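Now for the letters of each chain:
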Amino acid sequence: MKTATATAHSNIALVKYWGKRADVDRNLNLPAVGSLSMTLDGLRTVTTVAEASEDAFVLDGAQAGGKPEQKVFAFLDRLWASAHDTPRPRCAVTSVNHLPTAAGLASSASGFAALATAGASAFELDMSLPTLSQWARMGSGSAARSIYGGFVRLDAGTAEDGSDCVARPLPGVEDWPLRLVVVQTTRGSKPVGSTEGMQASRDTSPYYQAWVDTSIPDLDAAQAAIEARDLPRLGGIVEHSCFKMHACMMATVPPIMYWKPASLAVIQTVWAARQEGVHGYVTMDAGPHVKILCLADDAESIAARCRAVPGVEEVNLCAPGPGASVEVSA
Ligand code: PMV
């Protein structure tokens, strides 16, 4: 095998994914709904996979151990076994996250996109981008989107084997100066992991089926708004998808509530700015942070308003980012 170092950027869903298909092999990790995202520059994971005398996973300079390590090596086992009958070589996996881990800033997206990309190159598997994206999805649903840069649409599909659950890049980001203002409202890990949360919502939220049933119209409407470069239209869909997902989460038993008081204060600040003609549109994931989609010209003004909100820890500006890349050495 080779030594391969991959870089993958985080992405934020503009039309959200929440829920997994229950009728299929769980290992495929197939989503019940499609999603549409923007890959971000700056927030990224760099992962090296190299042959070693024993398996070891070092995350941000420390031996990871436990569940994260098990997930990484279970993933590499399957990746290797997809093309070989022989036992997998032992591997040293080193990952550096240039973003806060497990705080709702989607480190699993860049993490599994980087691991799939580095692993496939290290094992000398000649994979197309759609195949790589499907492998990344098996690690984490949102990771399927981080293989590509810019806007990415991931359709849920209906096939048993997941063959029609494929991410694809959508044109539009090159000639549209968009930014995402990332507002962190707390430090530390999220209380409910996404896999666990999605299952609980499917099992108990009375809004889950409505959430699933209204996903495709949201995806089509968002894609049309991107094609028209219409930010108010896209922003309306972004907020609707976000609040529908959080309503579904909150109606789960017991409730899944990722918001902090500062999250709501930031949302209200963004809406107040809109009244003054500064156009930002909010979205939130499985954590308390708020991300605001806006034009580059408005990003500083929105960031300054958010920095002034009590409880806000950090504000970062992100531009659209590239797809995953890899460097291979002997
Ligand atoms: O694929 P996961 O386990 O990172 O789940 C992502 C879920 C959300 O961030 C809430 C929404 C999304 O589409 O990214």
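Residues numbered from 1 in each chain as written. Predicted model: local features only at pLDDT ≥ 70, side-chain atom pairs only at ≥ 80, totals over all residues. Heavy atoms only, no water.

Visitor: Looking at this model, I keep getting lost on the domain arrangement of the chain. Mind explaining?
Guide: It is common to give the size of an interface as the accessible area that goes away when the parts come together. Domain assignment breaks the chain into domain 1 (3-172) and domain 2 (178-318). A C-alpha centroid distance of 23 Å is found between domain 1 and domain 2. With 31 residues of domain 1 at the contact, the number on the domain 2 side is 44 residues. Taking both partners together, domain 1 and domain 2 bury about 3,100 Å²; carbon and sulfur atoms supply 69% of that area. (Domains from an automatic or database assignment. Contact = heavy atoms within 4.5 Å. Buried area = accessible area lost by both parts, 1.4 Å probe.)

Visitor: Help me out: how do you make sense of the nonpolar core in this one?
Guide: For soluble globular proteins, nonpolar side chains are generally found buried alongside one another. Grouped together as the largest cluster of nonpolar side chains are 38 residues, with contacts concentrated most on F75, L76, V93, L115 and F123. Taken together, the elements giving at least two residues each to this core come down to β1 (3-15), α1 (66-81), β5 (91-98), α2 (107-122), α3 (129-139) and β6 (151-154). If one sorts the elements of this core by residue count, α2 sits on top with eight residues. Setting aside residues no more than four positions away along its own chain, F123 makes contact with M1, L76, L79, W80, H84, R88 and C91. (Core = buried A, V, L, I, M, F, W, Y, C linked by side-chain atoms within 4.5 Å. Buried < 20%, exposed > 50% of the residue type's maximum accessible area, 1.4 Å probe, protein only. Helix = DSSP H or I, 4+ residues; strand = E, 2+ residues; numbered from the N terminus.)

Visitor: Help me understand the packing of α1 against α2 in this model?
Guide: How two helices pack is summed up by the angle between their axes together with the distance between the axes. Direction vectors running N to C along α1 and α2 enclose 40 degrees, while the axes themselves pass 11 Å from each other. Classed by the angle they form, the pair α1 and α2 counts as oblique. Considering only the axes of α1 and α2, their crossing is right-handed. Residues K71, V72, F75, L76 and L79 of α1 lie in contact with α2, whose contacting residues are F112, L115, A116, G119 and A120. Its residues assigned to classes, the contact of α1 with α2 comprises eight nonpolar, one polar and one charged. (Axes fitted to C-alpha atoms, helices over the stretch in contact; angles between N-to-C directions. Parallel < 35°, antiparallel > 145°, perpendicular 65-115°, else oblique. Left-handed = near helix turned anticlockwise from the far one by under 90°. Nonpolar A, V, L, I, M, F, W, Y, C, P; charged D, E, K, R; others polar.)

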